[in-house]
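Examination of the molecular architecture
Each chain, written out:
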Amino acid sequence: MDFADIPLLLASAIRLSIPLIFAAIAGLYAERSGIIDIGLEGKMLLGAFAAGAVASVAGNPYVGLLGAMAVGVMVSLVQGVASVRFRGNQLVLGLAINIIATGLTVFVGIALYARGGQTPPLPDGARFSAIAPQFSWLEGVPALQSALAGLAGGHTILTLGAFVAVAVTYLVLYHSSFGLRMYACGDKPEALDSAGVSVYRMRYQAMVINGLLCGAAGAYLAIVQGGAFYRDMTAGQGYLALAALIFGNWKPVRVLLVCQLFAATDALQSRLQGLSIAEVDVPVQAIQAMPYVLAILLLAITAGKSEAPLAGGKPYTKGQR
Amino acid sequence: MTDQEASHLEFRDISKSFGPVVANNSVSFKVERGTVHGLIGENGAGKTTLMSMLFGLYDPDGGEVLINGARADIKTPSDAIRLGIGMVHQHFMLVERQTALQNLMLGSEGGFWLGRRNGQARREIEAIQQRYGLEFPLDVPVGQLAVGIQQRIEIVKALYRGAELLILDEPTSVLTPPEVELLFHVMRDLVADGKTVVLITHKLQEVMEATRNVTILRHGEVVDTLRTAETSREALAEGMVGRALRARPVERKPCGEAVKVSVENLTVCDSRDIRLVRDVSFEIREGEILGVAGVSGNGQSEILRAMAGLMPVTSGRIRMRDIEIGAGDSIGLAELRQRGVGLVPEDRLGEALVGAWPASENAVLGLTRTPFYDTLTARYPGAEMHSEWCGDLMRDHDVRPADPARRMSFFSGGNQQKLVIGRELSFDPDVLLIGQPTRGVDIGAIEFIHDHLRQERDKGKALMVVSVELEELIALSDRVLVMFEGRSMGVLDKSEFSERRIGMMMAGYSKEATAEMSQEVAE
Amino acid sequence: MTAHTQSALGGLLASLLNIAAALFLGGVLILAVGENPFRAYAAVLEGAFGTVDGIGYTLHYATNFIFSGLGFALAAHVRQFNIGGEGQAYFAGLIVAVLCIWLPWMPWWALLPLAVAGAALFGAAWAAVPAYLVVRRNCHLVITTIMFNFIASLLMIYLIVSVLRPAGSMAPAGPGLEPGQRLPQIIDMINSFGFRFQPAPLNVMIFVALAVSYAVYRALWRTKWGYELRAAGANDRAARVAGVPIGRMTAQAICLSGALVGLMAVNEIMGAQHRLTLDFALGYGFIGIAVALIGANTPLGIVAAAVLFGALYQGGASLVFLFPSVSREVVVVLQGLVIFFAGGLATMLRPYADALTGALLSRSTAKTEGA
């Protein structure tokens, strides 16, 4: 690995971080409003399937994205109704969504395409076009020019979308009445209720946003990264996003940085394969396990100092104290 | 009594049940505009339920509410707020990690983006603060403020939302006597501005002092609505309880000389290193009940928890029988019980019982790690041991209904507490630590529990009772330790204490500064 | 009729309603891909119970699900969700395979207690780190155990492919077991009486599973330890005041949960695969969740639910042959739906179930009183 690789490595890290960011921010809305969301993984998977299927039919990535978002919102709302209206166990519901997603995507995939659960490969027209800025105004400094081009190249509109989502979430959370209410809803719903705002409606609104973002995360996996939907293509990213949300202390900018960290270890993988330390070959699997180990280490460090929403996971019953 | 136009609020035949429990039965009364109206009754008489319906937290099963003579359909708190109703709940509805300003604006932000609205809200709030003398910082997280200050935020919150009718639910239970004075002053100012206040309380003195009219509730029904000036404390008390109260003669054996509990220079800090108990010392002798008084949150609970091994001792020393707890010692409740110390925790359903379990399973909670459990297994061989033991426990301690299979949370507060106290006494501890023995307990059970505790004292045990009910401490204690901001304000002997003196010490006056009050008692 | 029995009946009814609802939605799904759901379910039933070897497979899978269901339930009694059953089973599988390789001369009956103990120990060990992290560092068990699943899976790939695979073998699997090390299959025993049934991997581990279920029942409901463990889960603050060491109880429950789940490895490796394979427990951990939830975390309920899911798992496999557009993943969907209803709609179904049992019981008592 030499110095010139670094921009490329960073660019690859950023690309890998996008689904994590979408999913973690989705989780942020749900959890800040008081719904613990273990189901990010499943909603990403369903979103990815919908994106792959719709984009291949429509031949247009934007329609695929919309399809993924629609499915995401539908599932989030079902999860929301079961959590809020029927006061279900939010952990169990999230797990159930993940399991249903694993089965349903493959079941429907086989029924529709008979390709072992995979959707048809997307032609170029059905995928987001990558941007490739040349930074020609930097011709005088070729090293910087190639570095910047390497860093900025190969991204799609969804990369921008993820960063905009973080920025907007920051503004909404700290500078809007919606954010104020959402914070109250996750910390002390009875305070919000007695202030004349419906806790239920607040949570449903948060779940709609959650679904849109989960859909976007899935669409990125299928349309940008995979070029099709593959079975179990999330591979634990929903859980990693949840870990990022916890280690990021439910704060959008910190969550973004943690997602970058996870993605960077993932991106390093391809560079580190075949690495040997002190003449002993490091097994590929050890390198592949890095993001998971990192997630556990980060969670172990965070313990005790969290900003976790106080009422998270507890169904709200009106008038109860 | 009053004509239709003058009444700000009227209840007509309001009823509400929770399953088999009737909380309100055909409640009807009127509240005059521009007055303080008292609503009194025992715990569980249905006061809070009634007011929660007025505020849209519950839907009534039947009946109607009239505001300014017009039928009001209040389904949600936002309906109530629109109708000019504000409520200060007993448990504050504040988001503790948000600032006062954020809490005040919540739900009434006036637009999506906050931006400039913050400044506007700040000006309006400061105007209300000045008008009523309700000072508090706007930019500090509410959780860091004292309870009395949080209550001011709640009152201003209601006023900021344009409340004309303000419901105060047991507002004085968290206040020191001077703070109570200030609150009554605020109430007078509100009434002077044409607003109406409903004061929920079970303290008769407050009703006599602050209200124009008063409604008595008993078992969910209205006993009467009266002009305060035309009634008396005694009449109100009889109305609340439904029978004449007799003053109980207090006869007792003198306590012994042996010191069973001694606490020296105890300091206790929480996880954030805030000192909650500062340098407190006291002793309890055999055959003695030490009462610990204080407005809640002044360190009493932490003394109890440190003695029970539930909080670490930062410095100082606790000695109970042959047990010594100092800084760095961690002693579990299992060991304390084995060595003759019993605990009745303050939060009954939170710490003493498993509400979702049947009574039978609750009857051995905490006993499993005492030698007594082995005598139980010997006494009740067979698979139904817990049930049989529970049945006997219920008979001995008058727990009703005596059904071991019944879910614990379905018992009334008094019956739950009787089971807890019976269970804790069953292994015959020599030192008994008791938090809030009669919180949420009906009057009949209170007498039973008090008699029980006196009997244990007369057997030569050492008891410590932490309570927020001054009357209870005075009735029960041989001596009273008064706490203020984590410090001991002094220990008063039975001959020295009066409700007034303890009240003053709870507000931070020392034993010496209130010394002349003991003369009042003596006279 | 005690309140306890009545609530147990209500719980049973709620579970049955739950299964019915899941089967209904699964049927809608099958209908949506153009097949007849009744015929499909009939095929599942036929595949699971129609033949002796079908029953053998059903009960073999049920054995696995009893272990994973009991494991999940034990942790659930302290309000912890151990979803790392698969990782724990893989790690347990490692020791089972290694024992078989180390002791090639040992007959199955001598090896079995060693393998059971080893699998329990290794399963518990793989759960120990997440248990420590949840107790001491307050780390979410769901996340840590899922991460440990991924790590276990990668570890197994490395060990099987790079260490244990016999030289020259292409298949990603460890060396085969000696014939004497294989657990006797029950159908073989039956066939020794002259029958000629098709073979199935059902083996003596089912008896171990039933014995373990009874042991778990005794431990949880008839010992002080079990009482305290349930107290820790039902109200941790009250349990603490009762002198129960919450952290230690939680850690014990999670480790024991791993130990129980780990026993699946003995059943699969010594009873069915006869070698260490990749992904030998794929999906079994999650089925354990459904089994525990349907069985209301009680051993008796878990055994019943495990048979149900064993049947779905076995019968689901035969669906594929009969209906080209229906894949066996419909079983995964059913399992997810069951978990969803148990978690989400239990509160919705429960009052109806309770009302119904209440009505039935009051009628029967009224009759007896009248008589």
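See above for the structure.
Below is a summary of the structure that appears in this document. Everything numeric in this text was worked out from a predicted model, so none of it was measured. (Residues numbered from 1 in each chain as written. Chains lettered and ligands numbered in written order. Predicted model: local features only at pLDDT ≥ 70, side-chain atom pairs only at ≥ 80, totals over all residues. Heavy atoms only, no water.)

**Some words on the overall build of chain C**
Across its full length, chain C carries 15 helices and 0 strands. By principal-axis analysis of the C-alpha atoms, chain C measures approximately 75 × 55 × 40 Å. When burial is assessed residue by residue, chain C has 56% of its 371 residues classed as buried. A separation of at least 24 residues holds for 76% of the contacts in chain C among residues at least 6 apart in sequence. Accessible surface computed for chain C: about 15,300 Å², of which carbon and sulfur atoms make up 68%. For chain C, the centre of its 19 positive side-chain charges and the centre of its 13 negative side-chain charges are spaced 11 Å apart. (Helix = DSSP H or I, 4+ residues; strand = E, 2+ residues; numbered from the N terminus. Buried < 20%, exposed > 50% of the residue type's maximum accessible area, 1.4 Å probe, protein only. Contact = heavy atoms within 4.5 Å. Areas by Shrake-Rupley, 256 points an atom, 1.4 Å probe, with all protein chains shown as cover. Lys, Arg positive; Asp, Glu negative; His and termini not counted. Charge placed at Lys NZ, Arg CZ, Asp CG, Glu CD.)

**A word on the interface of chain C and chain A**
Taken together, the contact pairs 40 residues of chain C with 41 residues of chain A. Where chain C packs against chain A, one counts 1 salt bridge. Residues arginine 231 of chain A and glutamate 329 of chain C are paired through a salt bridge, measuring 2.8 Å at the closest nitrogen-oxygen approach. For the interface between chain C and chain A, the tally reads 3 residue pairs in polar contact (both at pLDDT 80 or more). (Salt bridge = Lys/Arg side-chain N within 4 Å of Asp/Glu carboxyl O. Polar contact = N/O pair within 3.5 Å; in protein donor to acceptor, adjacent residues only side chain to side chain.)

**Concerning the pattern of salt bridges**
When the charged atoms of two side chains with opposite charge come close together, those side chains can pair. Residues and elements named next belong to chain B. All chains considered together, the criterion is met by 42 salt bridges over all chains. Ionic pairing is found between arginine 12 and glutamate 10, a salt bridge with its closest N-O pair at 3.1 Å. In this structure glutamate 10 comes out as buried when scored by relative accessible area, which is 8%. Linking glutamate 324 and arginine 319 is a salt bridge whose minimum nitrogen-to-oxygen distance equals 3.6 Å. What emerges from the salt-bridge pattern is a single network uniting Glu10, Arg12, Glu64 and Arg71.

**Some words on the packing of aromatic side chains**
In total, this model carries 23 aromatic pairs over all chains according to the counting rule given. Judged by centre distance (5.4 Å) and plane angle (10°), the rings of phenylalanine 195 of chain C and phenylalanine 197 of chain C are stacked. These aromatic residues form a ring-pair network of at least three members: Tyr57, Tyr61, Phe65, Tyr284 and Tyr313 of chain C. It is arginine 254 of chain A that lies over the ring of phenylalanine 247 of chain A; its NZ or CZ is 5.9 Å from the centre. (Phe/Tyr/Trp six-rings, centres within 6.5 Å; stacked < 30°, edge-to-face > 60°. Lys NZ or Arg CZ within 6 Å of the ring centre and 35° of its normal.)

**Regarding the sheet that holds strand S14 (residues 315-320) of chain B**
All names here are of chain B. In space, the 4 strands of this open sheet follow the order S12-S11-S14-S15, with antiparallel pairing throughout. One side of each edge strand has no neighbouring strand; the edge strands of this open sheet are strand S12 (275-285) and strand S15 (323-326). Strand-to-strand twist of the sheet, defined as the mean angle between neighbouring strand axes without regard to direction, takes the value 15°. (Pairing = 2+ DSSP bridges. Axes fitted to C-alpha atoms, helices over the stretch in contact; angles between N-to-C directions.)

**Description of the interface of chain B and chain C**
Listed per partner, the contact involves 28 residues of chain B and 20 residues of chain C. Taking both partners together, chain B and chain C bury about 1,900 Å²; carbon and sulfur atoms supply 53% of that area. Counting the surface chain B buries against chain C, the share from its top three residues, Trp357, Thr368 and Arg369 of chain B, is 28%. For the pair chain B and chain C, the interface holds 4 salt bridges. Close ionic contact of arginine 369 of chain B with glutamate 228 of chain C constitutes a salt bridge, the shortest N to O distance being 2.7 Å. One can count 13 residue pairs in polar contact (both at pLDDT 80 or more) joining chain B with chain C. Going through the elements one at a time, helix H10 (333-338), helix H11 (348-352), helix H12 (359-362) and helix H13 (371-379) of chain B are the ones with two or more residues in the side of chain B that touches chain C. (Buried area = accessible area lost by both parts, 1.4 Å probe.)

**Considering helix H5 (residues 147-160) of chain B**
Its 14 residues give H5 of chain B an end-to-end C-alpha distance of 20 Å, which sits within 8% of 20 Å, the value for a rise of 1.5 Å per residue. Backbone geometry just downstream of H5 of chain B places glycine 162 of chain B in the positive-phi region, at approximately 80°. (Expected span 1.5 Å × (residues − 1).)

**Let's talk about the environment of glycine 301 of chain C**
Residue position: glycine 301 of chain C is located in helix H14 (residues 299-322). Separated by 25 residues in the primary sequence, glycine 301 of chain C and valine 326 of chain C place their C-alpha atoms 29 Å from one another.

**A short note on a nonpolar patch on the surface**
Taken together, the side chains of Tyr170, Leu171, Tyr174, Val253 and Leu257 of chain A together with Phe112 and Trp113 of chain B make up a nonpolar region of the molecular surface, amounting to roughly 670 Å² of accessible area. Contributions of two or more residues to the nonpolar patch are made by helix H6 (157-175) and helix H11 (252-272) of chain A. The leading source of residues in the nonpolar patch is H6 of chain A, at 3 residues. With respect to the element layout, tyrosine 170 of chain A can be found in helix H6. (Patch = residues over 30% accessible without salt bridge, like charges linked within 9 Å, V, L, I, M, F, W, Y side chains within 5 Å.)

**Focus: the sheet that holds strand S4 (residues 62-67) of chain B**
All names here are of chain B. Overall, antiparallel pairing links the 4 strands, which are arranged S2-S1-S4-S5 in an open sheet. Because the sheet does not close on itself, it has two edges, and the strands there are strand S2 (21-32) and strand S5 (70-72). Strand-to-strand twist of the sheet, defined as the mean angle between neighbouring strand axes without regard to direction, takes the value 25°. Relative to S2, strand S1 (residues 7-18) is paired through 8 bridges, and the arrangement is antiparallel. Within the sheet, the bridge partner assigned to serine 7 lies in S2 and is glutamate 32. Across the face of the sheet, helix H1 (residues 47-54) comes into contact with S1, S2 and S4 while running at roughly 115° to S1.

**What about the layout of surface pockets?**
Counted as a void, the second largest pocket has a volume near 1,500 Å³. Looking at the second largest pocket, it is lined by 50 residues, and the ones nearest its centre are Thr102, Asp232 and Ala235 of chain A together with Phe150 and Leu282 of chain C. Looking at side-chain class alone, the lining of the second largest pocket contains 27 nonpolar, 15 polar and 8 charged residues. (1 Å grid on protein atoms, 1.4 Å probe; cavity = no way out; pocket = protein on both sides within 12 Å on 5 of 7 lines; lining within 4 Å. Points joined across faces, edges and corners; volume = space filled by probe spheres on them. Nonpolar A, V, L, I, M, F, W, Y, C, P; charged D, E, K, R; others polar.)

**Considering the pairing of strand S16 (residues 341-344) of chain B**
All names here are of chain B. Burial along S16 is two-sided: the residues Val341 and Leu343 and Gly342 and Val344 are all buried. Pairing between S16 and strand S17 (residues 431-435): 4 bridges, direction parallel. Its bridge partner lying in S17, glycine 342 is registered against leucine 432.

**Examining the environment of isoleucine 153 of chain B**
All names here are of chain B. Residue position: isoleucine 153 is located in helix H5. Taking the C-alpha atoms as reference, isoleucine 153 lies 18 Å from glycine 119; in sequence the two are 34 residues apart. If we ignore the near neighbours within four places in the chain, the residues touching isoleucine 153 are Leu94, Ala100, Leu104, Phe136, Val142 and Leu145.

**Structural notes on empty space enclosed by the protein**
All names here are of chain B. Tallied over the entire structure, the rule returns 7 cavities of 30 Å³ or more. Surrounding the largest cavity, 13 residues form its lining, Phe55, Gly86, Met87, Ala158 and Arg161 being those nearest its centre. The set of elements that each furnish at least two residues to the lining of the largest cavity consists of strand S6 (85-88) and H5. Partitioning the lining of the largest cavity into residue classes produces 6 nonpolar, 4 polar and 3 charged. A volume near 80 Å³ is recorded for the second largest cavity. As for the second largest cavity, its lining consists of Leu134, Gly148, Gln151, Arg152, Ile155, Leu175, Glu179, Leu182, Leu183 and Val186. Along the lines of polarity and charge, the residues of the lining of the second largest cavity split into 6 nonpolar, 2 polar and 2 charged.

**Some words on the packing of helix H10 (residues 237-247) of chain A against helix H6 (residues 141-164) of chain C**
Closest axis-to-axis distance for the H10 of chain A/H6 of chain C pair is 10 Å, and the angle between their directions is 135°. With respect to H6 of chain C, the axis of H10 of chain A lies oblique. Where H10 of chain A crosses over H6 of chain C, the handedness of that crossing is left-handed. Every residue of H6 of chain C that contacts H10 of chain A at Tyr239, Leu240, Leu242, Ala243 and Ile246 of chain A is listed here: Val142, Ile143, Ile146 and Met147 of chain C. Looking at side-chain class alone, the contact of H10 of chain A with H6 of chain C contains 9 nonpolar, no polar and no charged residues. (Parallel < 35°, antiparallel > 145°, perpendicular 65-115°, else oblique. Left-handed = near helix turned anticlockwise from the far one by under 90°.)

Scope: geometric values only; no functional claims are made or implied.
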